[in-house]
Amino acid sequence: MKRCFVLLVALVVGLTTASYAADLRTEFSSNDVASQQMTADQMFYKAQCFMLGQDGHPQDNSKAVEWFYKAAKSGHVEAQNVLAYMLAEGVGVKKDEADAIEWWIKAAENGHTRAQVQLGTIYDKGLYGVTRSEVDAEKWYRMAEKNGDATARKWVIKKEKEEEEKEQNKKQ
């Protein structure tokens, strides 16, 4: 499970560093760097380095969580989303579904489309200790649909068809 999660994170966030990774590498030596002097992007990059064991950092999920948390607290939306996954699955940290939901909500409210879809799915299926709610699922799916997400669009179309069928059945 953890190996699949690491691969998922690599797909979700690993590619996002390509454009600025070279610039940031010089700022991360093995010497201690004060996190208060780092930008949210730099904290996120450092978290990825620990998550994936790259750029001279040992693979260490607990350290990755620490840095994702710092980046998330600094407003890094992708870090908020990744931190939510780590909390929900207990990767590098004690599993905390309630805290995970809070981070997904922060990311979604900050415009993170995958977090919006994730919340739609969570509320649609009643996952991670959340009570199933079509109203909440629709809220998040519609938000993601506005951002152009195909999965959310399919869900919305399906629900609209179900509503049309209900209306037609009432008329008969």
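Look up: the structure comes first, before these words.
Residues numbered from 1 in each chain as written. Predicted model: local features only at pLDDT ≥ 70, side-chain atom pairs only at ≥ 80, totals over all residues. Heavy atoms only, no water.

1. Details of the overall build of the protein
Convention followed: Strands are runs of DSSP state E lasting at least two residues, helices are runs of H or I lasting at least four, and both sets are numbered from the N terminus onward. When accessible area is computed with a 1.4 Å probe and restricted to protein chains, residues below 20% of their type maximum are described as buried, those above 50% as exposed, and intermediate ones as partly exposed. Here, residues are in contact when the closest pair of their heavy atoms is within 4.5 Å. Exposure was quantified through the Shrake-Rupley algorithm and a 1.4 Å probe, taking into account, for residues, occlusion by the shown protein chains and nothing else.
A tally of regular secondary structure across the protein gives 9 helices and 0 strands. In sequence order, the secondary structure elements of the protein are arranged as α-α-α-α-α-α-α-α-α. Taken over 172 residues, the protein has a buried fraction of 43%. Taking all contacts inside the protein whose residues are at least 6 apart in sequence as the whole, residues at least 24 apart take part in 44%. Total accessible area on the protein is roughly 9,700 Å²; 49% of this is exposed by carbon and sulfur atoms.

2. Description of the packing of helix H5 (residues 77–89) against helix H6 (residues 97–109)
In a packed pair of helices, the relevant descriptors are the angle between the two axes and the axis-to-axis distance. Rule in force here: Axis lines are fitted to C-alpha atoms, over the contacting stretch for helices. Their N-to-C directions set the angle, which ranges from 0 to 180 degrees. Angles are sorted into four bins: roughly parallel if under 35 degrees, roughly antiparallel if over 145, roughly perpendicular if 65 to 115, and oblique for all others. The hand of a helix crossing depends on one turn: near helix anticlockwise from the far one by less than a right angle means left-handed, and clockwise means right-handed. Side-chain classes follow a simple rule in which Ala, Val, Leu, Ile, Met, Phe, Trp, Tyr, Cys and Pro form the nonpolar group, Asp, Glu, Lys and Arg form the charged group, and the remainder, Gly included, forms the polar group.
Viewed as axis vectors pointing N to C, H5 and H6 meet at an angle of 160°, and their least axial separation amounts to 8 Å. Of the possible angle classes, the one that applies to H5 and H6 is roughly antiparallel. You can see that H5 and H6 cross each other, and the crossing is left-handed. Residues Val77, Gln80, Asn81, Leu83, Ala84, Tyr85, Leu87 and Ala88 of H5 form the contact with H6, whose own contacting residues are Glu97, Asp99, Ala100, Trp103, Trp104, Lys106 and Ala107. Of the residues in the contact of H5 with H6, the class split is 10 nonpolar, 2 polar and 3 charged.

3. With respect to the packing of aromatic side chains
As a reminder, the rule being used: In this analysis, rings of Phe, Tyr and Trp, with Trp reduced to its six-membered ring, are considered paired at centre separations within 6.5 Å, and the interplanar angle assigns stacked below 30 degrees, edge-to-face beyond 60, and tilted for intermediate values.
Applying the stated rule across the entire model yields 5 aromatic pairs. Between Tyr85 and Trp104, the aromatic rings sit 5.0 Å apart at their centres with planes inclined by 85°, giving edge-to-face as the arrangement. Here Trp104 lies in helix H6 and Tyr85 lies in helix H5, a separation of 19 residues in the sequence. A relative accessible area of 18% means that Tyr85 is categorised as buried. Their ring planes at 25° and their centres at 4.5 Å tell us that Tyr141 and Trp155 sit as a pair that is stacked. In this pair, Tyr141 sits in helix H8 (residues 134–146) while Trp155 sits in helix H9 (residues 150–171), placing the two residues 14 residues apart along the sequence. When its relative accessible area of 4% is taken as the criterion, Tyr141 is described as buried.

4. Points about the environment of Trp67
Take Trp67: it is sitting in helix H4 (residues 61–73). Separated by 21 residues in the primary sequence, Trp67 and Lys46 place their C-alpha atoms 6.6 Å from one another.

5. Let's talk about the nonpolar core
For clarity, the threshold we go by: By nonpolar core we mean a set of buried residues, namely Ala, Val, Leu, Ile, Met, Phe, Trp, Tyr and Cys, connected to one another through side-chain atoms within 4.5 Å.
Counting residues in hydrophobic clusters, the biggest one holds 41 residues, and the most contacted among them are Phe68, Met86, Ile101, Trp104 and Leu119. Broken down by secondary-structure element, the contributors of at least two residues to this core are helix H3 (40–52), H4, H5, H6, helix H7 (113–125), H8 and H9. A total of 8 residues in this core trace back to one element, the largest contributor, which is H5. Once residues lying within four places of it in the same chain are set aside, the contact partners of Trp104 are Asn81, Ala84, Tyr85, Ala88, Ala115, Gln118, Leu119, Ile122 and Tyr128.

6. Looking at the pattern of salt bridges
The condition that has to hold: Salt bridge, as applied in this entry: a Lys or Arg side-chain nitrogen positioned within 4 Å of an Asp or Glu carboxyl oxygen.
The full count for this structure, using the stated rule, is 12 salt bridges. Note that Glu160 and Arg142 form a salt bridge whose closest N and O atoms lie 3.5 Å from each other. Of this pair, Glu160 sits in helix H9 while Arg142 sits in helix H8, and the two are 18 residues apart along the sequence. When salt bridges that share partners are traced, they join Asp124, Arg132, Glu134, Lys159 and Glu162 into one network.

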